[in-house]
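Structure assessment
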There are 4 protein chains.
Amino acid sequence: METAILLIQCKDQMGIIAEVTQYVHMYNGNIINLEQHTDKESGDFHMRLEWDLMGYTIEKATIKFHFDQGIGKKWKMETQLYFSADTPRVAVFVSKMSHCLYDILYRVQSGEWKAELPLIISNHPNLQSIADRFGIAYHHIPISKSNKQEQEAVQRELLESHNIDLVILARYMQILTDDFASSWKNRIINIHHSFLPAFPGARPYHSAYERGVKIIGATSHYVTKDLDEGPIIAQDVTRISHVDAPKDLIKKGKDLEKLVLSRAVGLHLERKILVKGNKTVIFS
Amino acid sequence: METAILLIQCKDQMGIIAEVTQYVHMYNGNIINLEQHTDKESGDFHMRLEWDLMGYTIEKATIKFHFDQGIGKKWKMETQLYFSADTPRVAVFVSKMSHCLYDILYRVQSGEWKAELPLIISNHPNLQSIADRFGIAYHHIPISKSNKQEQEAVQRELLESHNIDLVILARYMQILTDDFASSWKNRIINIHHSFLPAFPGARPYHSAYERGVKIIGATSHYVTKDLDEGPIIAQDVTRISHVDAPKDLIKKGKDLEKLVLSRAVGLHLERKILVKGNKTVIFS
Amino acid sequence: METAILLIQCKDQMGIIAEVTQYVHMYNGNIINLEQHTDKESGDFHMRLEWDLMGYTIEKATIKFHFDQGIGKKWKMETQLYFSADTPRVAVFVSKMSHCLYDILYRVQSGEWKAELPLIISNHPNLQSIADRFGIAYHHIPISKSNKQEQEAVQRELLESHNIDLVILARYMQILTDDFASSWKNRIINIHHSFLPAFPGARPYHSAYERGVKIIGATSHYVTKDLDEGPIIAQDVTRISHVDAPKDLIKKGKDLEKLVLSRAVGLHLERKILVKGNKTVIFS
Amino acid sequence: METAILLIQCKDQMGIIAEVTQYVHMYNGNIINLEQHTDKESGDFHMRLEWDLMGYTIEKATIKFHFDQGIGKKWKMETQLYFSADTPRVAVFVSKMSHCLYDILYRVQSGEWKAELPLIISNHPNLQSIADRFGIAYHHIPISKSNKQEQEAVQRELLESHNIDLVILARYMQILTDDFASSWKNRIINIHHSFLPAFPGARPYHSAYERGVKIIGATSHYVTKDLDEGPIIAQDVTRISHVDAPKDLIKKGKDLEKLVLSRAVGLHLERKILVKGNKTVIFS
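Residues numbered from 1 in each chain as written. Chains lettered and ligands numbered in written order. Predicted model: local features only at pLDDT ≥ 70, side-chain atom pairs only at ≥ 80, totals over all residues. Heavy atoms only, no water.

This part is about the interface of chain A and chain C. Listed as interface residues are 35 residues of chain A and, on the opposing side, 35 residues of chain C. Between chain A and chain C lies a buried interface of about 3,000 Å² when both sides are counted; carbon and sulfur atoms form 55% of it. For chain A, the biggest contributors to the area lost against chain C are Arg211, Lys214 and His242 of chain A; these three give 25% of the whole. Scanning the region where chain A abuts chain C turns up 4 salt bridges. Among the ionic pairs, aspartate 236 of chain C bridges to arginine 239 of chain A, the shortest N-O distance being 3.0 Å. (Contact = heavy atoms within 4.5 Å. Buried area = accessible area lost by both parts, 1.4 Å probe. Salt bridge = Lys/Arg side-chain N within 4 Å of Asp/Glu carboxyl O.)

All names here are of chain C. Between helix H1 (residues 16–26) and helix H2 (residues 63–74), whose axes approach to 11 Å, the crossing angle comes to 160°. Our classification of the angle between H1 and H2 gives roughly antiparallel. Between H1 and H2 the crossing geometry is right-handed. Between H1, through Glu19, Val20 and Tyr23, and H2, the contact on the second element is made entirely by His66, Phe67, Ile71 and Lys74. Across the contact of H1 with H2, the residue classes tally to 4 nonpolar, 1 polar and 2 charged. (Axes fitted to C-alpha atoms, helices over the stretch in contact; angles between N-to-C directions. Helix = DSSP H or I, 4+ residues; strand = E, 2+ residues; numbered from the N terminus. Parallel < 35°, antiparallel > 145°, perpendicular 65-115°, else oblique. Left-handed = near helix turned anticlockwise from the far one by under 90°. Nonpolar A, V, L, I, M, F, W, Y, C, P; charged D, E, K, R; others polar.)

Between its terminal C-alpha atoms helix H8 (residues 246–269) of chain C stretches 34 Å, which fits the 34 Å expected from 24 residues at 1.5 Å a residue. Downstream of H8 of chain C by a residue or two, arginine 271 of chain C has a phi angle that is positive, lying close to 60°. (Expected span 1.5 Å × (residues − 1).)

Below, the discussion takes up the relation of the copies chain A and chain C. When chain A is fitted onto chain C, the two copies agree to an RMSD of 0.0 Å after a turn of 180° and an axial shift of 0.0 Å. The transformation relating the two chain copies, once decomposed into turn and shift, fits a two-fold axis. Taking C-alpha positions as the reference, the residue of chain A nearest the rotation axis is alanine 198 of chain A, at 2.2 Å. Interface overlap between copies is the fraction of interface residues in one copy that are interface residues in the other; for chain A against chain C it reaches 100%, indicating a shared surface. (Least-squares fit on C-alpha atoms with pLDDT ≥ 70 in both.)

For the rest of this paragraph, the subject is the pairing of strand S2 (residues 30–39) of chain A. All names here are of chain A. Of all 10 residues in S2, 7 are buried, a share of seventy percent or more. Two strands pair when backbone bridges link them, and S2 and strand S3 (residues 44–52) are joined in this way by 9 bridges, in the antiparallel orientation. Of the residues in S3, the one forming a bridge with threonine 38 is phenylalanine 45. (Buried < 20%, exposed > 50% of the residue type's maximum accessible area, 1.4 Å probe, protein only. Pairing = 2+ DSSP bridges.)

Our focus in this paragraph is the interface of chain B and chain D. Contact with chain B, which involves 35 residues of that partner, is made by 35 residues of chain D. With both chains or domains summed, chain B and chain D bury close to 3,000 Å², and 55% of this area falls on carbon and sulfur atoms. Its largest share of buried area at the contact with chain D, chain B owes to Arg211, Lys214 and His242 of chain B, together 25% of the area lost on that side. In this structure, glutamate 229 of chain D and arginine 211 of chain B form a salt bridge, with 3.9 Å as the shortest nitrogen-oxygen distance. Along the contact surface separating chain B from chain D lie 22 residue pairs in polar contact (both at pLDDT 80 or more). Put simply, the parts of the chain that give the side of chain B that touches chain D at least two residues each are strand S2 (30–39), helix H7 (204–211), strand S11 (232–239), helix H8 (246–269) and strand S13 (279–282) of chain B. Within the side of chain B that touches chain D, the residues separate by chemical class into 17 nonpolar, 7 polar and 11 charged. (Polar contact = N/O pair within 3.5 Å; in protein donor to acceptor, adjacent residues only side chain to side chain.)

Structure (structure tokens):
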């Protein structure tokens, strides 16, 4: 079954759901999933609608235009439209650690994710051999303070030439420039190795050890120019105790990181995330 | 704000959501929440719809009749209608253990639950003093094999004379007759002190200890005539280890039981549960 | 069975465990539990030893003196000794919210905790009726900026006259003076309604909502003069989503708070906590 | 630092800990970790002792003999001795699913586990290409009802010729013969794709879906001749809801399975498991 997925956000008003569902129905679209959320604090309305395209009487290429010009304009909606038949293309940025990369490779190779992964970029040569094993191009692009801007240009050139839709920072350990983060808004997912906002920064497991917390976590989020402040997509935690030294926290943390990052990427690929300011609405 | 809550189930068909939302909108109802779920395996459609009654042009007393006669009939819907202004009345059945009862009393007294609790029934006198402290009628109705049927008649008489909507079995430890269970279908919530279907029966914590599991749980469910087999509403678990003796499992289990039972009751009171055969749809 | 519980901390050195266990054995003490932990980072050694006092050949009143003068002096140990036969006396400080108080009352009344609760202190009159129901003295001691020091003197006078061992701040919402916190070091347990160190301060659930986190938590800790910075005893978390408004976070948080606070108090009463600087060792 | 790890079990008696620790101390062994557990129900004593071998005055090759002949004999102890310097050799049995295998390969290749993986055995050819990528021998040994015994002989021949210490059944989907299970007692770890004892057998996720549970789990255990009944090493769970179809449970289950299996193997490799009848003691 091929479906269309429409994400909508606008101000809440009476009759939106009736009109949108009526509209899709009118053109012979059978709604498979509908989920909506109204934020009572802000008065914002969010909706995810998925319908079967079989027999839909509006042509695929004009669906978005037709909707936006009609209902979209009337209710001042921001919309995104995706098709289940399309296969997103992802690039992975890594540094020296391989745990997230392996998990991503598994999910792509096994077909769990409907995605293509033509490109791995790293500031270190260490994980080249893994890329080789999987027959994926590995670009070693070393970053220093002085060359960051030009090297990012090289990276972005690669992303464009490979028609990349989503960038996964799989423990990349480098801070992107504001310009990169802004240009790729809501299309770069990072994993932060702490339960944000606790312990932001570079050595959260050591900070967690110092503070003596009983639970550690990991956070995946879209990258924005404000470090560690982007919209949170997924978080998870695990129990620790006084028995755990920093190296144990790091080890337990890795299992969390790869799981939480992959969950976030999975949600993105299934078009289940709506970003609204600095927060996300996650459809189920 | 006074709202109406409509629960719907029927076979999935194209256009249901559009028609239902259009209908409510037509009579000036502003939809506050809409959640729907289609079970792809069975083809069943489930929906929970809540709308503001202010300005609704159909009179409260006829809303259900009007809906059922029109849309309901057309799509062969099973419906339930509730009003946020109504206050459900609950009775609690206990035996000798007080942990769930205290938790229930707290939630009623503090106003966390919109509910009235006029009645506690027990087969033992042990918890009378707690009822006294809270000024709630306590009926000691001892049950034996020989008198179960007539004592249940007394219990059910009490429930009816107090206009009880929901019965909470708060570790009641007695098995209801099939007749009682059937007459009060989907209106009796039990807490089972295990992670069903693991360890059904009377001494699950000892069984869990014997089997050496690493996690124990608790399960709240609607009571049906098949013991431990009713539709599951909520479950939760906690980690244990070889260090825990049966008495420790019992202690840890109590914290689970009261939490899981109260969660289930809370969901019922907010009309967020649809029962479908032996399963539940839990709206968020 | 009556037992002695000995908590030890000192620098790690070769032969400590052998010598301590040999010592207890020598005087006919049968070790029921032994748990030790060496912090490799700091080189600190921690131990909890529990032995059966039946037949122990050193008199109860001199056990600590005898140990401290011999082994304790030799290894420069800091020790605490407790007897399972003693019943700790606790006071509860509350403000307006009752969820933690109810949970504490249940645990004391049901005998889950071996503790006496002769005293509830509050800066508000709101929970008087609960105290009355349970026949516990309720002292309404209003606190303002100007009278804090003298009112604390009244509080501390009450604690002393009632021979209180442990103070539980059950959502007390007042900051104790440095002097109070220091004098009652490691004897005041607070519940903070967030997953510290995330969202310290007074309105953590609103902050969590604003930041859009996917998990919230609660933290119980010993009170020190540095607000929200005391040694953490227990933490737990629960999942939330975009569906949850601040009021939902507060409601879910309450279930966490009472559970986490009671867990911490339980651990304290069973003498399973060793405080070391700003961290805790929690024995199992 | 090279250490010796001694696992002990015997009946609990007064003075054991004192004598064992005194013994190690006598030969200049510095105890790094000591953990003991007495099962009050059965009266069994369990201990894990790790000490630094630097300067230990008993020769490595005779440590076990010396201990067993002296203290061991006296207290009727069952002992196991391991050296941190040794590298265990593991074989992985797979069928068609790759999620656990990838996770295992990552942990071996990245050095998270101190283990060698020279051998993958499967009844299907499907995962050959993964083995090739990692340069690991892949033996395709198809199993049918008629040839099971002779094919197992081939498998066991391979295990022996490769000096395998531990077999990991990474969703192998075949039942071993009683003889294989018995000969390799406590040296074969399986992952069962359910929260045992709930939903034993071959299609637990479908059963979980049918029953409408709200939580699913995975269980790793040592293989015994009683299917699904071996000593449980690790378990974990994840929340599900009515939204999840069987295929979603399978997907969520995979993430659990690989995590729980790897946790169990990690504990085994660190010699933190003592098997006692049908249960495990897991040291921390």
